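These are the residues of each chain, in order.
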Amino acid sequence: MSVLVLTLAVSAACCLGFGFVLQQNAARQAPLSDFLSPRLLLDLVKVPRWLGGIGLMVAGMILGAIALGQGEVSLVEPLLATNLLFALALSRRQTKQPLGRQGWAGLALLAGGVTAFIVAGEPRGGTAITDPFRHWLIIGAMIGLALLLTTYAKRSRLSAGPVLLALAAGLLYGVQDALTRVSGQRFTEGGLAELLTGWQPYAVLALGVTGLVLVQSAFETAPLRMSLPALTAAQPLAGIVCGVGFLGDRLRTDTAALTWEAVGLAAVVTGIVLLGMHPAMPCGADRSEPARNLQPS
């Protein structure tokens, strides 16, 4: 694994983790009438704390895009999942909660799982699949599942809704990461003209905006511990499926390697859940009271 890719991916995770906490701090004060509406972004853009969180998220996405240009999606995505460690660090500073057994266990599982998956799988590049049907089948399945989750989320806004929205956003972000890599390859091969004549950069933008609305709607309706674990778990899994499915990423497939890869991914997801549900994670607004108007903070 390249030291450059490792540094870029972990730096991206740091920016994303800090950015998610700041975004949720602001979004939890948004009125519920903005749920799943682009109007939510128009309201939040007036809040400096949210803008700071978005700035960090954009920086993380840029660093992640550079990492994806240098390394395989199947390698970068598990490293990006460590954003939860940085989110917890900032949340602990805000809430003064000790890490405790749950925090240390989650940290060990997440870090150990990422390490186990990368060491066992040895992600490496290969020849991308050129069959358009394969591309659209995988991308369509991810987007279709995200749409289905969003539909169910509308029916259960304050119960399972935030988790479903975060899962949907994670799937879209995983596809976005894969298409970001494709866009980078087009730019490298043919410059700006080659990039802008393809559909991929426009899909990256559309997926990013849609995912942002879903994430902010999840943040406004529930504590961060309900939404961030689902978001953080879904994104790398979707990215790995796209990487192996049509980008040509290759993993070791002998029995021992597959076993350790599965164990590693299971440990990553378990660690994400433990860290995401840690008491240090910020609580949401009390939705039993009338919704408050956003105030700059």
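Residues numbered from 1 in each chain as written. Predicted model: local features only at pLDDT ≥ 70, side-chain atom pairs only at ≥ 80, totals over all residues. Heavy atoms only, no water.

1. Observations regarding the overall build of the chain
Summing up its helical and strand segments, the chain has eleven helices and zero strands in all. Ordered by position from the N terminus, the helices and strands of the chain form the series α-α-α-α-α-α-α-α-α-α-α. For 297 residues, the compact-globule estimate of 2.2 N^0.38 gives 19 Å, and the C-alpha radius of gyration of the chain, at 19 Å, lies within 12% of that figure. Across its three principal axes, the chain shows a C-alpha extent of roughly 55 × 45 × 35 Å. Taking the intrachain contacts of the chain between residues at least 6 apart in sequence as the baseline, contacts between residues at least 24 apart amount to 87%. (Helix = DSSP H or I, 4+ residues; strand = E, 2+ residues; numbered from the N terminus. Rg over C-alpha atoms; globule rule 2.2 N^0.38 Å. Contact = heavy atoms within 4.5 Å.)

2. So, the nonpolar core
Counting 79 residues, the largest nonpolar core has Leu228 and Leu231 as its most contacted members. Of all the elements, helix α8 (residues 161-196) adds the most residues to this core, at twelve residues. Residues within four places of Leu228 in sequence aside, it is in contact with Phe20, Asn83, Leu84, Ala87 and Met281. (Core = buried A, V, L, I, M, F, W, Y, C linked by side-chain atoms within 4.5 Å. Buried < 20%, exposed > 50% of the residue type's maximum accessible area, 1.4 Å probe, protein only.)

3. Overview of the packing of aromatic side chains
Under the defined criterion, the tally for this structure stands at three aromatic pairs. Taken together, a centroid distance of 6.2 Å and an interplanar angle of 75° make the contact between Phe20 and Phe219 edge-to-face. Placement of Phe20 in helix α1 (residues 3-27) and of Phe219 in helix α9 (residues 200-221) is noted, with a sequence separation of 199 residues between them. Like Phe20, the residue Phe219 is buried in the burial classification. Taking the centre distance of 4.7 Å and the plane angle of 25° together, the rings of Trp136 and Trp199 count as stacked. Of this pair, Trp136 sits in helix α7 (residues 132-155) while Trp199 sits in the loop between α8 and α9; the two residues are 63 residues apart in sequence, bridging distant segments of the chain. By relative accessible area, which is 34% here, Trp199 ends up partly exposed. (Phe/Tyr/Trp six-rings, centres within 6.5 Å; stacked < 30°, edge-to-face > 60°.)

4. Concerning α7
For an α-helix, 3.6 residues make a turn, and residues three or four places apart therefore share a direction. Its 24 residues place the ends of α7 35 Å apart at the C-alpha level, agreeing with the 34 Å of an ideal helix rising 1.5 Å per residue. Taken together, the buried positions of α7 are occupied by His135, Ile138, Ile139, Met142, Ala146, Leu149, Thr150 and Ala153. At its buried positions, α7 is contacted by α8, α9 and α10 (224-246). Near the N-terminus of α7, the side chain that reaches the backbone nitrogen of Phe133, with its oxygen 3.1 Å away, is that of Asp131. (Expected span 1.5 Å × (residues − 1). Polar contact = N/O pair within 3.5 Å; in protein donor to acceptor, adjacent residues only side chain to side chain.)

5. Thoughts on the pattern of salt bridges
As enumerated under the stated definition, the model contains four salt bridges in all. Between Arg186 and Glu194 there is a salt bridge whose closest N-O contact spans 3.4 Å. With relative accessibility at 19%, the residue Arg186 sits in the buried group. Note that Arg252 and Asp254 form a salt bridge whose closest N and O atoms lie 3.2 Å from each other. By relative accessible area, Asp254 is classed as partly exposed at 33%. Sharing partners across several salt bridges, the network here consists of Glu122, Arg252 and Asp254. (Salt bridge = Lys/Arg side-chain N within 4 Å of Asp/Glu carboxyl O.)

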